[in-house]
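Understanding the architecture of this molecule
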Amino acid sequence: MEEVVTAGQLRERGNALFQAGDHAAALAAYTQALSLCDGEPERAVLHRNRAACYLKLEDYAKAEADASKAIEADGRDMKALFRRSQALQKLGHLDQAVSDLQRCVSLEPKNKAFQEALRALGSSMHEKMKTMSCTDSKVAQMFQVLLDPEEKDADKKQKAAQNLIVLAREEAGAEKIFQSDGVRLLMQLLDTVKADLMLAALRTLVGLCSGHRSRTMAILAELGAPRLSAVLGVEHEQVSLAACNLLHVMFDSLKEGLQKDFRGKEDAVVLDSSKDLKLLIKHLLELLVLEGASAHGRDNALNLLIKVVPRKSPKETNNSMSLWVIDQGLKKILEVGSTVCGTPGSLPVTENSRMSASVLLSKLYDDLKCDAERENFHHLCEDYVRSWFEGHELAGKLRAIQTVSCLLQGPSDAGNRVLELEGIMDSVLSLCASVCEAHQLVAVEALIHAADKAKRASFITANGVSLLKEIYKHSERDSIRIRALVGLCKLGSAGGTDFSMKQFAEGSTMKLAKQCRKWLCNETIDAGTRRWAVEGLAYLTFDADVKEEFVEDKAAMQAMFHLAKSEDRSVLYAVASTLVNCTNSYDHEEPDPQMLELAKYAKQHIPEQHPKDKPDFVKRRVRKLLTAGVVSALACMVKSENPALTNSCRELISRVFLALVEEAEDRGGVVAQGGGKALIPLSLEGTEVGQTKAAQALAKITITSNPEMAFPGERIYEVVRPLVSLLHLQRTGLENFEGLMALTNLAGISERLRQKILKEKAVPMIEGYMFEEHELIRLAATECMCNMAMSKEVQELFLAEDSDRLKLMVLYSGEEDEKLRRAASGTLAMLTALHPAICKRIPQVTVHWLEILQALLLSPSTELQHRGAVVVMNMMAAEREVAEQLMASEMLEILSVLAKDKDKPRVAQAAKESLAQAVAYGLIKPNPGQE
């Protein structure tokens with residue numbers, strides 16, 4: 001029969017968890033207790049306790065709400081009043097926080113903590129009032145300078161604009177601008193159509209909207225979605241980008257809620273902002289097909305839709321926004337994806353527009369949850385392709401084929417479906433032979449995108465190879481030949497890294513690669529065409545001979561890196577793929593020897609590794625890439641805000657970085673060229689595999705470099721979360737070990753870093769690995785805990801009565817592994833020095849405590865002897881009863897010998913102090929000859 005848990009038991013459990021530092025679990029226990037509790041006084045205590053949890057978890061709005069519920073039950077509840085004042089102070093409501101603190105002081109006038117808190121808060125209030133009194137006039141002056149047509153001083157205007165932007169970043173300043181008719185004045189700045197004034201207005205609006213839903217909704221109502229959309233579509237690139245940033249902030253604020261809203265406003269705010277979200281998205285979709293919109297404005301609209309429409313995680317159940325966008329705007333997105341540049345009436349697009357459309361389509365398709373939703377997506381795509389293919393003659397067929405290319409680069413299932421529509425593939429093949437370069441480009445690109453899709457590869461191998469060879473050999477246009485070559489490269493790399501599976505005759509792959517490198521280095525060819533040479537190398541570098549030749553060609557490597565830094569971001573995936581191949585950083589498992597024998601017996605194909613893919617060759621290739629400047633290229637790629645930097649692309653870059661830092665001597669160079677900084681965002685966003693690879697690379701750097709130099713300033717704190725992620729149980733043993741080693745280094749630097757590690761809930765995981773069978777992981781965890789024990793919160797865990805932590809440290813101090821003994825005994829030396837209570841508990845945790853301490857003192861290692869002597873010294877000083885137990889054993893004789901050892905002064909000094917303490921207790925008589 002299942003045991004019934006009472007509200008009281010849950011409250012006690014919550015208290016224990018809170019004391020242990022597990023605030024999230026404590027919150028869950030108190031919440032469960034609330035559901036079982038009816039009595040008002042008990043409920044008030046639980047609300048007060050939940051407020052404490054929320055304060056620790058930095059959720060100040062909920063802390064304030066729970067404390068208020070406790071105060072409603074008992075207006076004299078000082079703990080609840082104090083906690084509400086703390087929450088209100090963090091939320092910026094200083095006047096209300098003062099009121100609560102004054103109540104606390106009146107209830108308990110002698111409480112120094114209340115008096116000190118009130119004094120500090122009074123000082124903050126004074127500063128705030130002083131600032132606010134002069135802010136009113138400053139806001140008015142700034143707008144007057146910016147809007148005065150007679151004001152000719154450009155520096156004065158620039159300073160006023162900058163001050164306005166800075167003021168809007170602070171909550172008090174943002175609210176002051178908002179209350180001072182600021183939105184109407186900012187609209188006037190936008191209406192001037194002067195780039196500098198428009199930028200100032202947009203950047204100030206970002207400050208007003210950040211994290212504040214009610215203000216965002218008011219601003220949106222006043223400005224209007226059409227106006228914002230029009231600003232996004234302007235020709236001035238910086239203004240369009242600033243409008244894009246503003247819209248992104250508005251989307252986030254409308255979605256996230258009332259993080260910064262003032263207390264008491266919640267009820268006045270319309271919480272359902274879905275109408276506003278849909279209105280903004282509707283205008284973004286309309287902008288995609290608006291003829292007057294600029295090309296980069298269209299790109300910015302696509303980028304925004306990619307960021308705000310699909311669900312961030314499959315755990316979110318509501319995909320209604322994606323479904324709405326597919327119904328209302330799929331054909332508008334396909335309009336951009338199907339644009340054929342240079343044809344009459346085509347939309348203005350950049351080299352990145354079609355790739356962005358493909359990424360958005362892919363994200364929308366991946367966000368669908370069932371077959372019916374996917375079938376609707378397919379039907380809409382098929383209807384769109386048919387609408388162009390049927391009855392529009394050649395121009396329509398080109399649009400239809402361009403749509404196929406767009407879909408094949410995005411949701412390839414949808415691309416395959418439309419490729420199978422009657423007449424599409426025939427038109428692709430026939431247009432490949434067109435005399436018009438633009439038409440031929442569209443067709444050849446479609447053929448290339450279809451070549452690596454499983455459903456069409458065999459058909460194209462049979463029908464397209466000869467055609468591509470013909471185009472490659474006889475076309476007079478490099479732009480066409482290079483694309484035909486990429487198609488051949490794709491078909492020629494079907495065997496992947498399997499040395500025994502080659503599609504072309506001996507030497508053909510090398511010839512294709514040589515031609516790719518030649519085009520890549522030819523700066524007279526436009527960057528868009530040279531990008532295709534990298535696409536070819538991405539496939540050809542599966543071959544180890546091609547890799548070796550490529551890394552010997554420094555000019556080709558640097559040309560590729562230069563392209564990776566260019567405006568055309570669609571090259572990112574191809575560059576990353578090429579580098580993954582050259583560094584062999586893809587996943588490859590060693591085949592089971594027994595399975596190999598069975599395969600040979602059954603005469604099945606057995607994959608073979610190329611001799612030039614062995615570790616020595618890979619190491620040399622990595623060195624050559626580093627010399628050529630690969631790190632700065634990768635760092636530049638990571639900075640890209642373009643949709644082309646997909647999660648898959650991020651994973652490839654992470655794999656390359658991990659290969660680059662494999663050798664300890666290369667890590668300093670990687671950090672110096674910006675690799676450390678680039679790895680942090682890679683470790684926090686992307687696929688799980690990509691994040692783990694980046695985190696492991698960060699760990700390797702942290703282990704062998706000085707972390708404060710590798711990650712200067714605040715960056716060092718950003719490294720903690722990725723390192724903690726390596727401790728999760730699903731990670732490999734090597735990843736666990738490297739994560740622990742890196743955290744050990746960080747934990748030894750500062751208390752603030754230890755607090756960050758505690759906040760990331762790493763301590764329970766570190767403790768878990770202290771029981772690991774693998775000796776190196778066990779040692780790393782113990783060393784990490786040794787450094788973490790410098791924090792008061794961790795020391796309290798060792799003081800807990802029902803814990804085995806102290807016992808484990810004592811037992812590890814007696815293990816055979818010297819490094820493990822050193823870490824454990826070092827922890828004991830520190831804990832016993834800080835907490836006499838731990839000294840008293842050591843004899844209680846294990847019967848072997850005396851022999852373990854004696855073994856430390858008799859160790860041949862001076863370091864172990866010193867740690868053991870310090871522990872004994874601390875125990876002697878802690879309590880007479882413990883000292884009696886020590887002196888009643890052989891410890892007296894051992895200490896007497898050590899006290900005379902002049903070769904080990906630190907050990908001798910600790911031994912002398914122990915003996916002196918024994919004399920003071922009257923347990924032994926002083927030595928007459930002793931100084």
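Residues numbered from 1 in each chain as written. Predicted model: local features only at pLDDT ≥ 70, side-chain atom pairs only at ≥ 80, totals over all residues. Heavy atoms only, no water.

**Some details on the overall build of the chain**
Using the following cut-off: Here a helix means four or more residues in a row that DSSP labels H or I, a strand means two or more in a row labelled E, and each is numbered from the N terminus. Relative accessibility under 20% of the residue-type maximum defines a buried residue, over 50% an exposed one, and the middle range a partly exposed one, all with a 1.4 Å probe and only protein chains included. Residue contacts are defined here by distance: any two heavy atoms, one from each residue, within 4.5 Å place the two residues in contact. All accessible areas in this document rest on Shrake-Rupley with a 1.4 Å probe, and a residue is counted as covered only by the protein chains that are shown.
Scanning the chain from N- to C-terminus turns up 54 helices and zero strands. Expressed as a percentage of the 931 residues in the chain, the buried residues total 53%. Look at the contacts in the chain between residues 6 or more apart in sequence, and 68% of them connect residues 24 or more apart. Roughly 43,500 Å² of accessible area belongs to the chain as shown, and the carbon and sulfur atoms make up 51% of that amount.

**Regarding the side chain of Asn303**
The topology assignment puts Asn303 in helix 16 (residues 295-308). For Asn303, a relative accessible area of 12% gives the class buried. Among residues more than four places away in sequence, those in contact with Asn303 are Ser356, Glu641 and Pro643.

**Comments concerning the side chain of Ser570**
With respect to the element layout, Ser570 can be found in the loop between helix 30 (554-564) and helix 31 (572-583). Under the relative-accessibility criterion, Ser570 is labelled buried at 7%. Once you skip the residues sitting within four places of it in the chain, Ser570 turns out to touch Glu351, Asn352, Met355, Arg531 and Ala644.

**Things to note about the packing of helix 15 (residues 274-288) against helix 16**
Which entries qualify depends on this criterion: The convention used is that axes are lines fitted to C-alpha atoms, helices contributing only their stretch in contact, and that angles between N-to-C directions extend from 0 to 180 degrees. In this scheme, roughly parallel covers angles under 35 degrees and roughly antiparallel covers those over 145, while 65 to 115 is roughly perpendicular and the rest are oblique. The handedness criterion is simple: a crossing whose near helix is rotated anticlockwise from the far helix by less than a right angle is left-handed, and one whose near helix is rotated clockwise is right-handed. Side-chain classes follow a simple rule in which Ala, Val, Leu, Ile, Met, Phe, Trp, Tyr, Cys and Pro form the nonpolar group, Asp, Glu, Lys and Arg form the charged group, and the remainder, Gly included, forms the polar group.
Two elements in contact, helix 15 and helix 16, have axes whose closest approach is 9 Å; the angle formed by their N-to-C orientations is 140°. Looking at the two axes, helix 15 sits oblique to helix 16. Seen from above, helix 15 lies across helix 16 with left-handed handedness. Contact residues: helix 15 offers Ile281, Leu284, Leu285, Leu287 and Leu288, while helix 16 offers Gly297, Arg298, Ala301, Leu302, Leu304 and Leu305. Classifying every residue of the contact of helix 15 with helix 16 gives nine nonpolar, one polar and one charged.

**Digging into the packing of helix 36 (residues 664-672) against helix 38 (residues 688-704)**
Where helix 36 contacts helix 38, the axes come no closer than 10 Å and their chain directions differ by 105°. Classed by the angle they form, the pair helix 36 and helix 38 counts as roughly perpendicular. Taken together, the residues of helix 38 that come into contact with helix 36 (itself represented by Ala664, Arg667 and Val671) are Lys700, Ile701 and Thr704. The residue makeup of the contact of helix 36 with helix 38, split by class, is three nonpolar, one polar and two charged.

**Here's the deal with helix 20 (residues 393-409)**
Note the following rule: To estimate how far a helix should reach, multiply one less than its number of residues by 1.5 Å.
The end-to-end C-alpha distance of helix 20 is 25 Å, a good match for the 24 Å that 17 residues give at a rise of 1.5 Å each. Summarising burial for helix 20: twelve of the 17 residues are buried, a large majority. Burial in helix 20 covers these residues: Gly396, Leu398, Arg399, Ala400, Ile401, Gln402, Thr403, Val404, Ser405, Cys406, Leu407 and Leu408. Those residues of helix 20 hidden inside the fold are in contact with helix 17 (320-337), helix 18 (353-366), helix 19 (371-389), helix 21 (412-419), helix 22 (424-431) and helix 23 (437-451).

**Topic: the nonpolar core**
For the record, the criterion: As used here, the term nonpolar core means buried Ala, Val, Leu, Ile, Met, Phe, Trp, Tyr and Cys residues forming a set that is joined through side-chain atoms within 4.5 Å.
Counting 267 residues, the largest nonpolar core has Ile653, Phe657, Leu660 and Leu886 as its most contacted members. Leaving out residues up to four positions away in the same chain, Leu886 has contacts with Trp849, Leu850, Leu853, Val872, Met875, Met876, Met891 and Leu892.

**Let's talk about the pattern of salt bridges**
Close approach of charged atoms allows side chains with opposite charge to pair. To be explicit about the condition: Within this document, salt bridges are pairs made up of a side-chain nitrogen of Lys or Arg and a carboxyl oxygen of Asp or Glu, the two lying within 4 Å of each other.
Enumeration according to the criterion identifies 40 salt bridges in this entry. In this structure, Arg48 engages Asp77 in a salt bridge whose closest nitrogen and oxygen atoms are separated by 3.1 Å. You can see Arg48 sitting in helix 3 (residues 40-56) and its partner Asp77 sitting in the loop between helix 4 (60-73) and helix 5 (78-91), a full 29 residues away along the chain. Both residues of the pair, Arg48 and Asp77, count as buried. Between Glu760 and Arg721 there is a salt bridge, with the nearest N and O atoms lying 3.1 Å from each other. Pair noted here: Glu760 is in the loop between helix 43 (751-759) and helix 44 (763-769) and Arg721 is in helix 41 (residues 720-725), with a separation of 39 residues, a long-range link. Under the relative-accessibility criterion, Glu760 is labelled buried at 16%. One network of salt bridges, in which partners are shared, links Glu818, Arg822, Glu863 and Arg867.

**Some remarks on unusual backbone geometry**
Of note, the phi angle at Val193 is positive, near 60°, even though the residue is not glycine. Mapped onto the fold, Val193 is located in the loop between helix 10 (182-191) and helix 11 (195-209). Although it is not a glycine, Lys761 adopts a positive phi angle of roughly 60°. Take Lys761: it is sitting in the loop between helix 43 and helix 44. Of the residues examined, Lys761 reaches a relative accessible area of 40% and is grouped as partly exposed.

**Some points on the packing of aromatic side chains**
Selection criterion: Stacked, edge-to-face and tilted labels apply to pairs of Phe, Tyr and Trp rings (six-membered ring for Trp) whose centres lie within 6.5 Å, assigned for plane angles under 30 degrees, over 60, and everything in between, in that order.
Scanning the model with the defined rule gives two aromatic pairs in all. When the centroid spacing of 5.3 Å and the interplanar angle of 45° are considered together, the rings of Phe82 and Phe114 count as tilted. Residue Phe82 is found in helix 5, and its partner Phe114 is found in helix 7 (residues 112-147); the two are separated by 32 residues along the sequence. An angle of 65° between the planes, with centres 5.1 Å apart, marks the rings of Tyr365 and Phe377 as edge-to-face. Placement of the pair is Tyr365 in helix 18 and Phe377 in helix 19, with a sequence separation of twelve residues.

**Concerning the confidence of the model for the chain**
Cut-off, in case you're wondering: Confidence scores here are pLDDT values: one per residue, from the predictor, ranging 0 to 100.
Averaged over every residue, the pLDDT of the chain is 83; residues scoring 70 or more account for 90%. Per-element confidence in the chain ranges from a low mean pLDDT of 52 for helix 32 (residues 593-601) to a high of 94 for helix 41.

**Here we look at the state of the cysteines**
What counts here: Here, the term disulfide refers to a pair of cysteine sulfur atoms separated by no more than 2.5 Å.
Applying the stated criterion across every chain, the model contains zero disulfides. Its sulfur unpaired, Cys406 is 8.9 Å from the next cysteine sulfur, which belongs to Cys381. Judged by relative accessible area, which is 2%, Cys406 ranks as buried.

**Examining the environment of Ala451**
Structurally, Ala451 is set in helix 23. Residues Ala451 and Cys489, 38 residues apart in the sequence, show an inter-C-alpha distance of 9.8 Å.

**Structural notes on helix 13 (residues 225-232)**
In plain terms, the rule: Note that the arc is computed from the directions linking the helix axis to the C-beta atoms.
Taken as a whole, helix 13 has its buried residues at Ala225, Leu228, Ser229, Val231 and Leu232. The arc enclosing the buried residues of helix 13, seen along the axis, measures out at 160°, which places them on a common side.

**Quick look at the environment of Pro681**
Looking at the secondary structure, you find Pro681 in helix 37 (residues 675-684). By relative accessible area, Pro681 is classed as partly exposed at 33%. Along the backbone, Pro681 and Ala694 are 13 residues apart, and their C-alpha atoms lie at a distance of 8.8 Å. Once you skip the residues sitting within four places of it in the chain, Pro681 turns out to touch Val638 and Arg650.

**Here's the deal with the environment of Arg880**
Along the chain, the position of Arg880 falls in helix 52 (residues 880-887). Each C-alpha atom of the pair Arg880 and Gln917 lies 9.2 Å from the other, and the pair is 37 residues apart in sequence. Sequence-distant contacts of Arg880, that is, excluding residues within four places in its chain, are made with Tyr921, Gly922 and Leu923.

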